[in-house]
Amino acid sequence: MTRSSLLGQRALALGIGMASIAVSLLLTALIILAVGASPLEVFNKVTEGIGLTPTGLDMVRFSGVVNFWIPLMFVCTGLLVTFTAGLWNIGVEGQMMFGAVCATWVAQEVFLPTVVQVPLEMLAAALGGAFWAALTGLLKTRGGVHEIFGGVAMNNLANIFSIYLISGPWGNQGGQATPPFRQETLLLPMSSEFRVSAVALILMAVVFGGIFLALSGTRWGLELKAQGHSQRSALLLGVPVERNVLLAMALCGFMAGLAGSVRVLFTYGNLRPLVSGGIGFLGLLVVLLTGTRALWAPPIAFFFAAILGGSTRLKIALQLDQSLAGVVQGILVLMVILANGVRGRLRGRHPAQAPEPSASLEAEEAAIHG
Amino acid sequence: MARRTAVVLIVAAAMLLAATGGFAQDEEFVFGMVLVGPRNDHGWSEAHYTAGQYVEQQVPGARMVFFESLNPADAPETTLEQVVEEMLAEGAKVIFTTSDEFEEDTLFVAQKYPDTIFINVSGDDALTGEAPANLSNIMGNMELGKQIAGCAAALATETGKLGYLGPLINFETRRLAASVYLGARYCYEHYRGGNPDDLSMTVTWIGFWFNIPGVTLDPTEETQRFFDGGADVVISGIDTTEALVVAGQRAAEGAKVWAIPYDYEGACAGAPAVCLGVPYFNWGPAYVQVVEAVKNGTYEQFWHWNPPYFEDISDNDKTAVGWVNGDALTEEQAAQLDEFIAMLAETDPGVLTADNIDDEGKQIGLWVGPLALQDGTVLAEEGEIVPPRSVWYLEQLLQGMTGDSSAQ
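Rules of the game
- Residues numbered from 1 in each chain as written.
- Chains lettered and ligands numbered in written order.
- Predicted model: local features only at pLDDT ≥ 70, side-chain atom pairs only at ≥ 80, totals over all residues.
- Heavy atoms only, no water.
- Helix = DSSP H or I, 4+ residues; strand = E, 2+ residues; numbered from the N terminus.
- Rg over C-alpha atoms; globule rule 2.2 N^0.38 Å.
- Buried < 20%, exposed > 50% of the residue type's maximum accessible area, 1.4 Å probe, protein only.
- Contact = heavy atoms within 4.5 Å.
- Lys, Arg positive; Asp, Glu negative; His and termini not counted.
- Charge placed at Lys NZ, Arg CZ, Asp CG, Glu CD.
- Buried area = accessible area lost by both parts, 1.4 Å probe.
- Salt bridge = Lys/Arg side-chain N within 4 Å of Asp/Glu carboxyl O.
- Polar contact = N/O pair within 3.5 Å; in protein donor to acceptor, adjacent residues only side chain to side chain.
- Nonpolar A, V, L, I, M, F, W, Y, C, P; charged D, E, K, R; others polar.
- Axes fitted to C-alpha atoms, helices over the stretch in contact; angles between N-to-C directions.
- Parallel < 35°, antiparallel > 145°, perpendicular 65-115°, else oblique.
- Left-handed = near helix turned anticlockwise from the far one by under 90°.
- Arc of directions from axis to C-beta.
- Core = buried A, V, L, I, M, F, W, Y, C linked by side-chain atoms within 4.5 Å.
- Phe/Tyr/Trp six-rings, centres within 6.5 Å; stacked < 30°, edge-to-face > 60°.
- Lys NZ or Arg CZ within 6 Å of the ring centre and 35° of its normal.
- Disulfide = S-S within 2.5 Å.
- Pairing = 2+ DSSP bridges.
- Domains from an automatic or database assignment.

1. Observations regarding the overall build of chain A
The helix and strand tally for chain A stands at 14 helices and two strands. The C-alpha atoms of chain A give a radius of gyration of 22 Å, which matches the 21 Å a tight globule of 370 residues would have. Taking all 370 residues of chain A together, the buried fraction comes to 54%. Within chain A, residue pairs in contact and separated by at least 24 positions form 76% of the contacts whose partners lie at least 6 positions apart. Charge separation in chain A, taken as the distance between the mean sites of 21 positive and 16 negative side-chain charges, equals 10 Å.

Quick look at the structure:
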């Protein structure tokens, strides 16, 4: 490819990207007008909700966005691994939930100094999430159950188990949540203004950096990419596909467990039903948009966190329907996917840059067990 | 001269009007309403939202700001603390948190914002003494409404088998299910001439306040199961109307079945022909009282368990718990139900508060012995009134009921 054609393609990609954002904004504005509100006011309230005010950054509101971004990024980091390996880890929600349950168990049953207690809770959550994901992996490699079906079942099991614990053995008489955790078991905010856990933020940055390097700069990362494109070919090239499936799933579960621990040890301070809150599914969406381009995950995840975080202010100040933020998010995703499609078509090749998880699964599994 | 006199008169009149408040603008008074579900759920949350609108009509200058579906699944990006802070930014002086799911978080925000009044609905922190002075609790005495529902079910049943669709298991849900049972037994015996021990009531707990596919039991399937098992009346204790919908479908196929929904005055509309009636919460009058007290600076901490207004149980300017007869109730049954309600009115406990809940003689309708808990423990001897506090903190279902008393 010549330098000028490369530049041309980049310009084309940029143009299509800008056009998709413009169309998204236009559609969003039309919907807002249709429900009788002012798009400008909606924009103002969302930016206020994020913390961007004319007088500067409102740290309290900004920390709300960051606090949603942290568990979302843990999940995205894990999903980058499974996505690269060609796995649809739909079970990520259940892995978060089971991680939250494990962190809760330690928070309630173990009494140690905070410096040991909190890391132990997070480790328990991570290992719990890894265990839950590995079960789905085993169902796939040994039982021939596709990870989507296995994942959905494991999600439900994790939710049912947590609700049983909350309304039964761990109940707070009322059955809606466990009793609040002790102060020394919690992740604490940096300050009363910037209410973000430094431990969670730093850990998130470290694991993302580690996974990014592992995926882009190691032989193992290359193996995952190879099996992501075709498990059969990877197997023929000597890649230990089954081991990698289990490892990728467990790693993703590990991250999801960490996300679950942040939800119970920081966001809520106790265990509640459905505490994973769809963050796992949102993570899938983010990774679907980024493909395997890991460096895009943090800004896209932050963008989603900002839209959702800003919508709290929007809902209260303008009393708009709560689903509006979801509609805006949906339009943006649709436009980005459409733009990807258009770009691929204009280039004259298949649009999907990301691997296609689990293509021709039966054939590959026959080969694996072969 | 005459013109000057006229001007003087007009100015004087204007000053007089201004002094008496005639020209005074009603100052805006913002209150917050935090809902656990959608504001149009035809159930629990809609009843609160409607009450907020009632406050706006009744209290001059009152303006509601609300946040709906605040729960980890529907609003994972936000917490009660963040919602409260946004409401404070809008100028809210009093905030209603309308679920026991918010109980712990309300305690936290009340401690953090001592100048704002918080009302947690259905909680007990102001009863136990845990709450700071700016946190109070309101609940409607739905136990009386549920006794009426139980009576209606007993008047209609032909098989003598009732099904109760319960949410999750806690003090509140146990005492409500048990209240239905008490009402049903009484009316089966007194109006139907039956032996109350022949009347069966099975409680199925679906696991949560509404259906979560794959997580809770499916209320539609459970209602089908009740009818398949021979029950002909299903009473709902959950936030949504599946019991009524299924009963409507069964009736359309020719079955003689009925249902009693819950929470919201208009709930029968889903299938009026099979609806025996609905016990509903009417939060408006209590909310008006709170908003006016805070506005006038006369607020004092309270814990209120508010009764129905028995003189006219469906007077929404006065009652805290209402009952509407359904289309499926015959004239004779409606008359018997009126008689039953009049009987309940004779033991009206009034507003139960932290100060009077332990007073002797306070009786919640049919909560009188002989009564035993499911494991046989005596709750009240013959003729003994069950103290309201023991009803509030009911440890088990009652003897004779079928169903789990705890999740363990």
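2. Side note on the interface of chain A and chain B
On the side of chain B, 41 residues touch chain A, which itself brings 39 residues to the contact. Summing both sides of the interface, chain A and chain B together bury roughly 3,400 Å²; the carbon and sulfur share of this comes to 52%. Summed over the shared surface of chain A and chain B, the result is seven salt bridges. Of the charged contacts, one joins D105 of chain B and R272 of chain A as a salt bridge, the two residues approaching to 2.8 Å between their closest N and O atoms. The interface formed by chain A and chain B holds eight residue pairs in polar contact (both at pLDDT 80 or more) in total. Elements with a minimum of two residues in the side of chain A that touches chain B: α3 (59-84), α6 (147-167), α10 (241-268) and α12 (297-318) of chain A. For the side of chain A that touches chain B, the element with the highest residue contribution is α12 of chain A, accounting for eight residues. A class-by-class count of the residues in the side of chain A that touches chain B yields 15 nonpolar, 17 polar and seven charged.

3. Brief notes about the packing of α12 of chain A against helix α13 (residues 324-347) of chain A
Residues and elements named next belong to chain A. One way to put it is that α12 packs onto α13 with a least axis distance of 9 Å and a crossing angle of 155°. Viewed along their axes, α12 and α13 adopt a mutual orientation that is roughly antiparallel. For the pair α12 and α13, the crossing hand works out as right-handed. On α13, the residues that touch F303, F304, I307, L308, S311 and L314 of α12 are L324, A325, V328, Q329, L332 and V333. Within the contact of α12 with α13, the residues separate by chemical class into 10 nonpolar, two polar and no charged.

4. Quick look at helix α8 (residues 219-229) of chain A
Residues lying three or four places apart along an α-helix face the same way, a consequence of the helix completing one turn every 3.6 residues. All names here are of chain A. The set of residues buried in α8 consists of W220, G221, E223, L224, Q227 and G228. Mapping the buried residues of α8 onto a view down its axis gives an arc of 160°, with all of them on the same face. Projecting away from the buried face of α8 at angles above 90 degrees are the exposed residues R219, L222 and H229. Of the surrounding secondary structure, the elements contacted by the buried residues of α8 are α3, α7 (198-217), α9 (231-236) and α10.

5. Examining the nonpolar core
With 117 residues, the main nonpolar core has F31, V94, W283, W367 and L398 of chain B as its most contacted residues. Broken down by element, the residue count for this core peaks at 10 residues, all from helix α6 (residues 142-156) of chain B. Beyond its immediate stretch of four places on either side in the chain, L398 of chain B contacts A178, Y181, L182, W367, L371, A372, L373, Q374 and L379 of chain B. Judged by nonpolar contacts, the second largest core, of 95 residues, contains F74, F181, M204 and L308 of chain A.

6. With respect to the packing of aromatic side chains
Residues and elements named next belong to chain B. In this structure the tally under the stated criterion is 25 aromatic pairs over all chains. Each ring, one from F171 and one from Y393, has its centre 5.3 Å from the other, and the planes form 85°; the classification is edge-to-face. Placement of the pair is F171 in helix α7 (residues 171-190) and Y393 in the segment after α12 (388-392), with a sequence separation of 222 residues. A relative accessible area of 13% places F171 in the buried class. Plain terms: the ring middles of W305 and W392 are 4.8 Å apart, the flat faces sit at 80° to each other, and that makes the pair edge-to-face. Highlighted residues: W305 in strand β11 (residues 303-306) and W392 in helix α12, separated in sequence by 87 residues. Of the two residues, W305 and W392, neither departs from the other in class, the shared state being buried. The ring of Y262 is capped by K146, whose NZ or CZ atom sits 3.6 Å from the centre of that ring.

7. Topic: the state of the cysteines
Residue and element names in this part refer to chain B. One pass over the full model with this rule turns up two disulfides over all chains. The disulfide bridge from C151 ends at C187, spanning 2.0 Å between sulfur atoms. Where C151 bonds to C187 through sulfur, the torsion about that S-S bond is close to -95°, and the disulfide is left-handed. Of this pair, C151 sits in helix α6 while C187 sits in helix α7, placing them 36 residues apart in sequence. Judged on exposure class, the residue C151 and its partner C187 are both buried. Two residues, C268 and C275, share a disulfide whose sulfurs are 1.9 Å apart.

8. Some thoughts on the pairing of β11 of chain B
All names here are of chain B. Two elements, strand β5 (residues 135-140) and β11, share four bridges in a ladder whose sense is parallel. Bridge pairing in β11 places I138 opposite H304. Across two bridges, β11 lies against strand β13 (residues 352-353) in antiparallel orientation. By the bridge assignment for β13, H304 is matched with T353.

9. Points about the domain arrangement of chain A
On domain assignment, one finds that chain A holds domain 1 (1-37 + 322-370) and domain 2 (62-319). Put simply, the middle of domain 1 of chain A and the middle of domain 2 of chain A, counted by C-alpha atoms, are 25 Å apart.

10. Remarks on the sheet that holds strand β9 (residues 258-260) of chain B
Residues and elements named next belong to chain B. In space, the four strands of this open sheet follow the order β7-β6-β8-β9, with parallel pairing throughout. The strands lining the two open edges of the sheet, one partner per strand, are β7 (200-205) and β9. The average angle at which neighbouring strand axes cross in this sheet is 20°, direction not considered. Pairing of strand β6 (residues 161-166) with β7, which is carried by six bridges, proceeds in the parallel orientation. The residue of β7 that forms the bridge with G163 is T202. Each of β6, β8 (233-236) and β9 touches helix α9 (residues 242-252); the most contacted strand, β9, lies at about 165° to it.

11. Thoughts on the pattern of salt bridges
All names here are of chain B. Overall, the coordinates contain 25 salt bridges over all chains when judged by the stated rule. With a shortest N-O distance of 3.2 Å, R39 and E68 are connected by a salt bridge. Remark: E68 occurs in the loop between β2 (62-67) and α3 (80-89) and R39 occurs in the loop between β1 (29-34) and α2 (44-58); sequence separation between them is 29 residues. Taking the shortest distance from any N to any O, the salt bridge between E143 and R175 comes out at 2.6 Å. In this pair, E143 sits in helix α6 while R175 sits in helix α7, placing the two residues 32 residues apart along the sequence. Across the pair, R175 and E143 agree in class, each one buried.

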